[in-house]
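Listed below are the residues making up each chain.
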Amino acid sequence: MKPLKRIFVVGGELTTFIGKGHPDFVWKKHPDFGKRENPTLEAYLTQAINGALEKTGVDAEAIDRGFVGNFAGELFNSQGHLGAMAVRANEKLVGKPFTRLEGACASGGLAILSAMDALHAGSDVVMAVGAEVQTTVSAREGAGFLARASHWEEERSIDEFTFPAMFARRAKHYKEAFGVTDEDIAHVTVKAYENANKNPKAHMSKVSWDLESASKPGDRNPAFLGNEELKPHLKVSDCSQVSDGGAAVILATEEGLKKLGKKPEDCIEVLAYAQATSPLGQVKDYTVLDNTKMAADQVYADAGITPEQVQVAEVHDCFAVTELLMYEALGFAEKGKGAELARAGETGLTGKIPVNTGGGLLAFGHPVGATGVKQLLEVYRQMKGQCGDYQLAERPQIGLTANMGGDDRTTVCIALKDVR
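What counts and what doesn't
- Residues numbered from 1 in each chain as written.
- Predicted model: local features only at pLDDT ≥ 70, side-chain atom pairs only at ≥ 80, totals over all residues.
- Heavy atoms only, no water.
- Salt bridge = Lys/Arg side-chain N within 4 Å of Asp/Glu carboxyl O.
- Helix = DSSP H or I, 4+ residues; strand = E, 2+ residues; numbered from the N terminus.
- Buried < 20%, exposed > 50% of the residue type's maximum accessible area, 1.4 Å probe, protein only.
- Core = buried A, V, L, I, M, F, W, Y, C linked by side-chain atoms within 4.5 Å.
- Contact = heavy atoms within 4.5 Å.
- UniProt positions renumbered as here; feature names shortened; annotations may be inferred.
- Expected span 1.5 Å × (residues − 1).
- Bend = angle between axes of the 7 residues up to and from the residue.
- Polar contact = N/O pair within 3.5 Å; in protein donor to acceptor, adjacent residues only side chain to side chain.
- Axes fitted to C-alpha atoms, helices over the stretch in contact; angles between N-to-C directions.
- Parallel < 35°, antiparallel > 145°, perpendicular 65-115°, else oblique.
- Pairing = 2+ DSSP bridges.
- Phe/Tyr/Trp six-rings, centres within 6.5 Å; stacked < 30°, edge-to-face > 60°.
- Lys NZ or Arg CZ within 6 Å of the ring centre and 35° of its normal.

S.K.: Explanation requested: the pattern of salt bridges in the structure shown.
M.R.: Between side chains of opposite charge, a pair can form as their charged atoms come close. Following the criterion strictly, the structure yields 28 salt bridges and no others. Where Arg 140 meets Glu 160, a salt bridge forms, and the shortest distance between an N and an O atom there is 2.7 Å. Residue Arg 140 is located in helix α5 (residues 139–146), and its partner Glu 160 is located in the loop between α6 (152–155) and α7 (162–178); the two are separated by 20 residues in the primary sequence. When the shortest N-O distance is used, the salt bridge between Lys 293 and Asp 297 registers 2.7 Å. You can see Lys 293 and its partner Asp 297 sitting in helix α11 (residues 290–303), four residues apart, about one turn around the helix. The partly exposed category is assigned to Lys 293, whose relative accessible area is 37%. You can call Asp 297 partly exposed: its relative accessible area is 36%. Each of Lys 384, Arg 395, Asp 418 and Arg 420 takes part in a single network of salt bridges with overlapping partners.

Below, the structure is given as structure tokens:
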């Protein structure tokens, strides 16, 4: 959709994303285990919401509506009804309409889309927030919770770790179709961790992978699937992080900016946005993210831009192979050529199309409901020169996000430009 009125991203806040492997995450081998606990889902919502208000200088009273992206609060945290939970963050939000959105890993993107729809419907200043806490259960139990994003009846049985197996299946087909190797895919992992090492908010800011270790299974990098056919095609280093965290962003119309005392030049602008949805369990070609391509093609057409004009992108790299497929679905590489782009370093911080500059889901982390909101904020931060050690040498003017839910069954794409 091309916005019917100008819509601006005013700014927002990212919490640090944490989980196993982060020095602040308390788990059974941490020295503070039993002495303190990790932040709760409510704590992340509160930190993100109040942080966004503080960072932008927006009074909570100015917020007309709010939307909360969260996938599985009922399962991981025994907590649903998150719109009403969110307004606990600030007394000035009490009474304002806040609503929860769920679309698997695209929940945050859906919160943003709903915020933009609300602006079209007459609101002037709207907040989108996303949060997830997934470290409350074991990896095996959590895998079962996340499998609710698949077609449970038809797909749960593929493996105890359902989604890793589903994307191992994509990796198998992709490698066989195009002669791609595990080393090719490992370039994505190495790039993600190198970027995250420059990002103090990243889950894996203190962890690294080299190409050799990420390319093959080993003690540190086991191939952990039970499905023997798919087991060779996925290792720990290929997987995004089980993370906790939150993000919040404030969006406004031109009238909203006037109310906030802000100028368009303080913001970035939404050029176009789209959502595509495809039937669960009905993937026709495992080597193509066809649903993402539908959303991206619509965004390019509505924004009047081409893939060649995109200068920074935040894409859904739930697994390393997914990022290669994203390059192709978004038009950055031809079908089967995504690995060549990664090998050549073209998606790194100094490449022609930097992708996931803060580490992506692989290394920045993947607190599911927060991811889509984080993607938008990362493009904003790059355009406004706020990314510190991983800031691009030239601030980008055109950016793109692609937030995917399930096995490419729900996708949100947003095209953005800096206002200068």
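Don't stop here, the text continues.
S.K.: Looking at this model, I keep getting lost on the nonpolar core. Mind explaining?
M.R.: Where a protein is soluble and globular, its nonpolar side chains tend to be buried together. Core analysis: the biggest nonpolar cluster contains 112 residues, and Leu 330 and Phe 332 have the highest contact counts within it. In this structure, Phe 332 is in contact with Tyr 300, Pro 307, Val 310, Ala 313, Tyr 327, Leu 341, Ile 353 and Leu 400, ignoring residues within four places of it in sequence. Within the second largest apolar cluster, 34 residues are counted, among which are Leu 41, Val 58, Leu 82 and Ala 252.

S.K.: I would appreciate a short explanation of the UniProt feature "domain: Thiolase N-terminal" (unreviewed entry) in the protein chain in the present structure.
M.R.: The sites that UniProt annotates as "domain: Thiolase N-terminal" (unreviewed entry) are residues 39–203. Secondary structure within residues 39–203 divides into 51% helix and 10% strand; the distance between the first and last C-alpha atoms comes to 14 Å.

S.K.: I keep staring at helix α1 (residues 41–56) and nothing clicks. Help me out?
M.R.: Helical geometry: 3.6 residues make up each α-helical turn, so side chains three or four residues apart lie on a common side. Helix length check: α1, at 16 residues, gives a terminal C-alpha distance of 23 Å against a target of 22 Å (1.5 Å per residue), a fit within 8%. Taken as a whole, α1 has its buried residues at Leu 41, Tyr 44, Leu 45, Ala 48, Ile 49, Gly 51, Ala 52, Leu 53 and Thr 56. Buried residues along α1 sit against β1 (7–14), β2 (65–69), α2 (73–77), α3 (82–86), β4 (125–132) and β5 (245–253). Phi turns positive one or two residues past the end of α1, at Gly 57, with a value near 75 degrees.

S.K.: Honestly, helix α15 (residues 368–383) in this entry has me stumped. Any pointers?
M.R.: The end-to-end C-alpha separation of α15 is 24 Å, in line with the 22 Å expected for 16 residues at 1.5 Å each. If you look at α15, its biggest bend is around 30 degrees, right at Lys 374. Of all 16 residues that make up α15, 16 are buried, and the element is covered over most of its length. One or two positions beyond α15, positive phi appears at Gly 385, with a value near 70 degrees.

S.K.: Whenever I open this one, the UniProt feature "domain: Thiolase C-terminal" (unreviewed entry) in the protein chain confuses me. Can you help?
M.R.: The UniProt record marks residues 275–407 with the feature "domain: Thiolase C-terminal" (unreviewed entry), using the residue numbering of this structure. Annotation note: span residues 275–407, helix share 38%, strand share 11%, distance between end C-alpha atoms 15 Å.

S.K.: Help me understand the side chain of Arg 381, please; the structure alone is not making it clear to me.
M.R.: Here Arg 381 lies in helix α15. A polar contact of 2.8 Å, which involves the side chain of Arg 381, links it to the side chain of Tyr 390. With residues near it in sequence (within four places) discarded, Arg 381 still touches Leu 14, Gln 386, Cys 387, Tyr 390 and Gln 391.

S.K.: Quick question: what am I supposed to make of the packing of helix α8 (residues 182–196) against helix α12 (residues 320–329) here?
M.R.: When two helices pack together, you describe them by how their axes are tilted relative to each other and by the distance separating the axes. Running from N to C, α8 and α12 cross one another at 100 degrees; their axes reach a closest spacing of 8 Å. One finds that α8 runs roughly perpendicular with respect to α12. Note on element contacts: α12 touches α8 through Ala 320, Val 321, Glu 323, Leu 324 and Tyr 327, opposite Ile 185, Val 188, Thr 189 and Lys 191.

S.K.: For this particular structure, what's the right way to read the sheet that holds strand β9 (residues 410–418)?
M.R.: Each strand in a sheet pairs with its neighbour through backbone hydrogen bonds, running either in the same direction (parallel) or in the opposite one (antiparallel). Judged by pairing direction, the sheet is mixed, and its nine strands sit side by side in the order β3-β2-β4-β5-β1-β6-β9-β8-β7 without closing on themselves. Two strands bound the open sheet, and with one partner strand each, they are β3 (98–101) and β7 (312–315). Recorded for the sheet is a direction-independent mean angle of 25 degrees between the axes of neighbouring strands. In the sheet, β1 pairs with strand β6 (residues 268–277) via two bridges, with the strands oriented antiparallel. Bridging from a neighbouring strand, Val 9 pairs with Ile 268 of β6. Contacting β1, β2, β3, β4, β5, β6, β8 (398–405) and β9, helix α4 (residues 107–120) runs over the sheet at an angle of about 165 degrees to β2. Where α11 meets the sheet, its contacts fall on β6, β8 and β9, and the angle it forms with β6 comes to roughly 145 degrees.

S.K.: It is not clear to me how the packing of aromatic side chains should be interpreted in this structure. Could you clarify?
M.R.: On inspection of all chains with the given rule, the structure shows five aromatic pairs. With 5.1 Å between their ring centres and 85 degrees between their planes, Phe 76 and Phe 145 make a pair best called edge-to-face. Taken together, the residues span a long stretch of sequence, with Phe 76 in helix α2 and Phe 145 in helix α5 at a distance of 69 residues. For the pair Phe 76 and Phe 145, one class covers both residues: buried. The interplanar angle of 25 degrees and the centroid separation of 5.1 Å between the aromatic rings of Phe 167 and Phe 319 together place this pair among those described as stacked. With Phe 167 in helix α7 and Phe 319 in the loop between β7 and α12, this pair connects stretches of sequence that are 152 residues apart. A relative accessible area of 7% places Phe 319 in the buried class. The aromatic ring of Trp 209 is capped on one face by Arg 220, whose charged end is 3.6 Å from the ring centroid.

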